[in-house]
Amino acid sequence: MRVFAFGIVLALSLLAARADAAGTCGEKKTVVQQLIHHGYKAVAGAWPWHGAMFHRYRRSTSYACGVTILTEQFVITAAHCTFDPNEKQRIPADRVYIKVGVTNLDAPDRHVQQHNIDKIIRHEGYNEGTFEDDIALMKLYTDIEYNSYVQPICLWQGDTTLSKIVSQVGYIIGWGYNENHGLPQELNEAAAPIVSKKECIDSDPSHYSKFYFEPKTFCAGYLNGTHAAQGDSGGGLFLRLGQHWALRGIVSSTKAHPNTLHLEANSFVVFTDASYYTRWITSEANITTKFEIEEDIIELPPSSRQPGDSENQANLLNIASCGKDTYPSGTPEEEKGYLNQYPWLAVIEYINTNTLVLEDTCHAVLIHPSFLVTAANCVQKKRLSTIQSVRLNDYQLDTVNDIFEIDGETTRTTATRIPVRGISVHPNYNNPKFANNIALIKLERPTSANPICLSPKSSTLPPAKKFSIIGWKKNSRKEKPMIRNVVQLTDFGSCRSKYAEENISLDSTGGQVCSTYSHDDDSENCSHFMGSAPFQYVRDGPFEGRYFLAAISSFGHSNCWRYEFSDVFTNVTHYADWIQRKVKKNERKIYPNV
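Residues numbered from 1 in each chain as written. Predicted model: local features only at pLDDT ≥ 70, side-chain atom pairs only at ≥ 80, totals over all residues. Heavy atoms only, no water.

Undergrad: How should the pairing of strand E35 (residues 567-571) be read in this particular structure?
TA: Every other side chain in a regular strand lies on the same face of the sheet, so the side chains alternate between the two faces. With respect to burial, E35 is a largely interior element, five of its five residues being buried. Bridge count for strand E30 (residues 512-516) against E35 is four bridges, and the pairing is antiparallel. For Cys 514, the partnering residue across the bridge sits in E35 and is Val 568. (Buried < 20%, exposed > 50% of the residue type's maximum accessible area, 1.4 Å probe, protein only. Helix = DSSP H or I, 4+ residues; strand = E, 2+ residues; numbered from the N terminus. Pairing = 2+ DSSP bridges.)

Undergrad: Explanation requested: the packing of aromatic side chains in the structure shown.
TA: Aromatic rings in a pair are described by how distant their centres are and how their planes are angled relative to each other. Per the stated rule, a full pass over the model turns up 23 aromatic pairs. Between the aromatic rings of Phe 434 and Phe 555, the centroid separation amounts to 4.8 Å while the plane-to-plane angle is 35°, which identifies the pairing as tilted. With Phe 434 in the loop between strand E26 (416-425) and strand E27 (439-443) and Phe 555 in strand E34 (residues 545-555), this residue pair connects regions lying 121 residues apart in the sequence. The interplanar angle of 80° and the centroid separation of 5.6 Å between the aromatic rings of Phe 467 and Tyr 537 together place this pair among those described as edge-to-face. Of this pair, Phe 467 sits in strand E28 (residues 467-471) while Tyr 537 sits in strand E33 (residues 534-540), and the two are 70 residues apart along the sequence. Clustering of aromatic rings is evident, with ring pairs tying together Trp 47, Trp 49, Tyr 171, Phe 238 and Trp 245. The positively charged end of Lys 473 is found above the aromatic ring belonging to Phe 529, 5.1 Å away from the centroid. Directly above the ring of Tyr 338 sits Arg 484, whose terminal nitrogen or CZ lies 4.6 Å from the centroid. (Phe/Tyr/Trp six-rings, centres within 6.5 Å; stacked < 30°, edge-to-face > 60°. Lys NZ or Arg CZ within 6 Å of the ring centre and 35° of its normal.)

Undergrad: In this structure, what is going on with the sheet that holds strand E23 (residues 385-392)? I would like to understand it.
TA: Through backbone hydrogen bonds, the strands of a sheet pair up, either in parallel or in antiparallel fashion. In spatial order, the strands read E20-E21-E22-E27-E26-E23; together these six strands close into a barrel with antiparallel pairing. The mean inter-strand angle of the sheet, taken between neighbouring strand axes irrespective of direction, is 45°. Bridge count between strand E20 (residues 345-352) and E23: seven bridges; the pairing is antiparallel. The residue bridging Ile 348 from the neighbouring strand is Val 390, located in E23. Where helix H5 (residues 576-586) meets the sheet, its contacts fall on strand E21 (358-368), strand E22 (371-374), E26 and E27, and the angle it forms with E27 comes to roughly 20°. (Axes fitted to C-alpha atoms, helices over the stretch in contact; angles between N-to-C directions. Contact = heavy atoms within 4.5 Å.)

Undergrad: I keep staring at H5 and nothing clicks. Help me out?
TA: Residues spaced three or four apart along an α-helix point in a common direction, a consequence of the helix completing one turn every 3.6 residues. When we look at burial in H5, the residues that qualify are Ala 576, Trp 578, Ile 579, Val 583 and Asn 586. Down the axis of H5, the sector holding all buried residues measures 165°, keeping them to one side. (Arc of directions from axis to C-beta.)

Undergrad: What is the right way to look at the nonpolar core in this model?
TA: Ile 348, Ile 367, Leu 549 and Ile 579 are the most contacted members of the largest nonpolar core, which has 71 residues in total. Ranked by residue count, the leading element in this core is E34, at six residues. Contacts of Ile 367, omitting those with residues within four sequence positions, involve Leu 317, Ile 319, Leu 372, Val 373, Leu 440, Pro 451, Ile 452, Leu 454, Leu 549 and Ile 579. Grouped together as the second largest cluster of nonpolar side chains are 55 residues, Leu 140, Ile 173, Tyr 222 and Ala 274 included. (Core = buried A, V, L, I, M, F, W, Y, C linked by side-chain atoms within 4.5 Å.)

Undergrad: Would you mind showing me how to read the sheet that holds E28 here?
TA: One closed barrel holds the six strands; their spatial order is E28-E29-E30-E35-E34-E33, and the pairing between them is antiparallel. Mean inter-strand twist for the sheet, computed between neighbouring axes without regard to direction, equals 45°. Relative to E33, E28 runs antiparallel, the two sharing two bridges. Each residue of the ladder has a partner; that of Ile 469, found in E33, is Phe 535. Its contacts with the sheet put helix H4 (residues 492-500) on E30, E34 and E35, and the angle it makes with E30 is roughly 90°.

Undergrad: Help me out: how do you make sense of unusual backbone geometry in this one?
TA: Note the cis peptide between Glu 214 and Pro 215, where omega equals 5°. Positionally, Pro 215 belongs in the loop between helix H2 (205-211) and strand E16 (217-220). Cis geometry is found at the peptide bond from Asn 431 to Pro 432, where omega equals 0°. With respect to the helices and strands, the residue Pro 432 is situated in the loop between E26 and E27. Backbone geometry at Asn 436 places phi at a positive 50°, although glycine is not the residue there. With respect to the helices, strands and loops of the structure, Asn 436 is situated in the loop between E26 and E27.

Undergrad: Hey, could you run me through the state of the cysteines in this one?
TA: Disulfide: a covalent bond formed between the sulfur atoms of two cysteine residues. Counted under the stated rule, the structure contains six disulfides. The disulfide bridge from Cys 322 ends at Cys 453, spanning 2.0 Å between sulfur atoms. Negative torsions about the S-S bond denote left-handed disulfides, and the value of about 95° found for Cys 322 with Cys 453 makes this one right-handed. Here Cys 453 lies in the loop between E27 and E28 and Cys 322 lies in the loop between helix H3 (278-285) and E20, a separation of 131 residues in the sequence. Residue class for Cys 453 comes out buried when judged on its relative accessible area of 1%. Shown here is the disulfide that connects Cys 495 with Cys 514, its sulfur atoms set 2.1 Å apart. Between Cys 495 and Cys 514, the S-S dihedral sits near -70°, and the bridge is therefore left-handed. Taken as a pair, Cys 495 in helix H4 and Cys 514 in strand E30 lie far apart in primary sequence, 19 residues in all. The class of Cys 495 is buried, set by a relative accessible area of 5%. Using a relative accessible area of 1% as the deciding quantity, one classes Cys 514 as buried. (Disulfide = S-S within 2.5 Å.)

Undergrad: Could you clarify how one ought to interpret the environment of Ala 285 in this entry?
TA: Looking at the secondary structure, you find Ala 285 in helix H3. Residue class for Ala 285 comes out buried when judged on its relative accessible area of 6%. Expressed as a C-alpha distance, the spacing of Ala 285 and Lys 139, which sit 146 residues apart in the sequence, is 8.1 Å. With residues near it in sequence (within four places) discarded, Ala 285 still touches Phe 74 and Leu 137.

Right, dumping it as structure tokens:
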């Protein structure tokens, strides 16, 4: 089994950058938004301590590894990153340089600083064959200038015992190879839960027993392809201690397939435990920065915790980065912009078999990189039409490219179209009429868009929450902008009685809820949303908020001026067991028909 050292991918976008320059370590100085191989996309200021290392080869240069800023003069990386991968020998300092404040490896950015290397300090115990003591410092020729986009990380403080952090979720950043084995130009992030030594080694004893050195290393990652990749080597794994981010691990090695040499998706990543080397780091780099830890426990973003830790923090499909709100916790929904705010919202496209024109019919909601939930009536077979694809990252349905003006800068976006591989309709759909109106869509390939969170089984809708509905209205207006309305839950008993007058029986077992929202787009129009519009809410945590899907629109009275009739929504949480079972059964199949 050949071992590769490598890197990771993550994604965030910037809303504002007016913070002051650094005074302490491990603090983000910008307000960032989450956008994202099973990882997610990052923009300037999202992870200000992460940088890129480049190797010079005669007249050319190439990206090599990630680095983490410790001080104005020192960065830290993996020792194997300071070796020439072709010649298998130590690379001299004058053939290495770094960039900090960088998010796109190709595009110039006013935030980027480039620094040459004065000296490389490799740990004296580094072993090229086993990656033991895989850690190195690099002293720069010129000092790093701190600003809102370039900041130092904190070194770990307090208890360094691995058991204290097992099951916690760290973040890894980088430009590692994606699922298509290509090197992305945009910086990406991924969440990685830390696992015990036993779990790591038991996953492949013949491999990990050779590369695990307690207490110098630890393992982290999901066994689903979400982890560091080739090219992420040297980058950090970051955890939050109180109000600060701290460096805990350095990406060192993982498994590669012996034939293809591609990294194996169902494997853990081995990290050098930076906390073990604190004394070595501080003596070599003369670091004296300290920070106060408000509590002894490690605090993490709410849905980074594993399901089961707390029902309030869990999400059904165990997607640690789901539903990230791009705005600070507590921001009213009506004050939020639309750009990159709801990346899980999709449009289902049918193709007309006569005209071969794609038609927008309904919404679908991304709940997993490969799966969307929608209403069953949205995917029923239609005469002269067949479901073709879903479209993500759209804002104006009537335009090909959408243009946003934000803080004097113009941003153009183009929607992403992904073919549909399979559809699964709930077996009890329309029994009784309109009940169990839910279906799953399987994509031809995974998307990098961020899915929304799903509540765990047996959850109920929080009655005091402010809900919102997003999507596009069914009306004759030429312009088709994304619309957001406030949603109010209504009394289900009264709603059920009202629809009984129309000979429609609502599901009393919990599969449906009734709600109202404004149908008035302007003084002359009244219209419902297209089918399966998401009804969602935000759970605010200590560091960020997460969106959870509450329900999807099912039907309403044909006359939307009839306000005495609430709209009926399918309660998605009621079908959590069915959704989880279907996704788990089909997520690892290459070409499943769900």
